[in-house]
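What the coordinates show
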Amino acid sequence: MRLLIVALIAAMATLSPQAMAEENKQLLLIAGTPSHGPGDHEFNAGVQLLAQCLKSVPNLEVTIQLNGWPKDEAIFDGKDGILMYMDGGANHPAVQEDRLAFLGGLMKKGVGFMCAHYGVDVPADNGGSEFKQWIGGYYEAGYSCNPMWSPEYKEFPDHPVANGVKPFQIKDEWYMHMRFRDDISGVTPLLVGTPSDDVRDGPYVHPKGPYEHIQADKGKPETMMWAVEREDGGRGVGFTGGHIHKNWGHDDFRKIVLNALVWITGMDVPENGVESTVTAEDLAKNLDPKN
Ligand SMILES: [Zn+2]
């Protein structure tokens with residue numbers, strides 16, 4: 001009897017609102033399977049590096065899932081935010097089987113969602129409308145394009161994800177011309193740069209293009225990272241860089257992604273952003289085995 005009472009008191013203490021408020025936030029980072037040569041699309045190494053950089057963030061617990069969709073979906077239980085850094089298109093793990101419905105259930109609970117690089121690419125008729133709702137937009141084949149280029153990010157909006165991020169310029173396969181929600185409603189552009197005419201003229205990585213509608217926008221800016229706050233309370237982010245692994249060594253490129261990962265869990269982002277250090281040695285760790 002006494003044991004039972006002790007157990008009950010312990011249970012009540014766990015459930016008190018104060019205890020709930022102090023609970024750590026849970027972030028799940030999912031890496032896709034290897035697909036490219038060394039140094040590119042290093043999703044497994046990438047999420048491990050990001051997890052290492054997030055260790056300094058108080059009250060945040062990070063779980064990593066390597067090599068694709070988890071075999072046991074219980075890993076999603078209790079997560080406040082999810083990153084998908086993986087190959088996409090028709091093979092996007094999130095659009096297979098009944099996973100869009102599964103993810104939709106999580107989104108309704110207000111779970112944060114971020115997709116990076118090829119992970120923002122889903123078929124228009126299988127995931128497109130969901131991604132517009134969940135993260136504000138997606139890469140639509142034939143509408144969006146994927147040149148290798150070096151946008152200059154000169155200024156940032158007053159948004160927590162941009163905390164402490166200084167202007168930077170870096171070459172990556174920055175997808176652009178995303179298919180956003182109609183009238184881009186509710187979408188806050190975070191990384192905006194203007195491609196040169198040469199970039200718009202192609203070639204893009206694949207398909208090579210050029211597309212007339214991309215060329216017709218010469219002189220206009222493009223959005224390569226953005227954020228939404230959904231009506232269900234969840235937060236969403238899309239980030240189109242992340243092709244080249246060594247780019248994680250750039251402090252501002254890394255910081256804006258780390259900030260976003262903290263932000264999607266519902267946490268406040270530190271005033272100066274998430275501080276971290278990455279060495280050349282760190283960048284050489286956990287790379288996918290050569291094919
Ligand atoms: Zn790529």
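Residues numbered from 1 in each chain as written. Predicted model: local features only at pLDDT ≥ 70, side-chain atom pairs only at ≥ 80, totals over all residues. Heavy atoms only, no water.

1. Regarding the coordination of the zinc ion
- Protein-derived coordination of the zinc ion comes from His41 (NE2), His117 (NE2), Glu173 (OE) and His243 (ND1), at a distance range of 2.0 to 2.1 Å.
- In this structure, the zinc ion is coordinated by 4 donor atoms arranged in irregular fashion, with angles at the metal of 84 to 165 degrees.
- All donor residues of the zinc ion come from one chain, and their arrangement in sequence is H-x75-H-x55-E-x69-H. Of this pair, His41 sits in the loop between β1 (25-31) and α3 (43-53) while His117 sits in the loop between β4 (112-116) and α5 (124-135), and the two are 76 residues apart along the sequence.
- Assessed through its relative accessible area of 0%, His117 is described here as buried. (Donors = N, O, S within 2.8 Å, 3.2 Å for Na, K, Ca; no water. Tetrahedral: all angles 85-135°; square planar, octahedral: opposite > 155°, others 65-115°. Helix = DSSP H or I, 4+ residues; strand = E, 2+ residues; numbered from the N terminus. Buried < 20%, exposed > 50% of the residue type's maximum accessible area, 1.4 Å probe, protein only.)

2. Section: the nonpolar core
- In terms of nonpolar packing, the biggest core is built from 51 residues, with Met114, Met225, Phe239 and Leu261 touching the most fellow members.
- Among the elements that take part in this core, helix α8 (residues 251-264) stands out by supplying 9 residues, more than any other.
- Excluding its chain neighbours within four sequence positions, the residues that come into contact with Leu261 are Leu27, Leu29, Leu50, Leu54, Leu83 and Met114.
- In this structure, Phe113, Val120, Phe131 and Trp134 belong to the second largest nonpolar core, which totals 30 residues. (Core = buried A, V, L, I, M, F, W, Y, C linked by side-chain atoms within 4.5 Å. Contact = heavy atoms within 4.5 Å.)

3. Some points on the packing of aromatic side chains
- Overall, the coordinates contain 18 aromatic pairs when judged by the stated rule.
- Ring centres of Tyr85 and Trp248 lie 5.9 Å apart, and the angle between their planes is 90 degrees; on these two criteria the pair is classed as edge-to-face. On the criterion of sequence distance, the pair formed by Tyr85 in strand β3 (residues 81-85) and Trp248 in the loop between β11 (235-239) and α8 is long-range, its members being 163 residues apart. Assigned by exposure class, Tyr85 and Trp248 land together as buried. (Phe/Tyr/Trp six-rings, centres within 6.5 Å; stacked < 30°, edge-to-face > 60°.)

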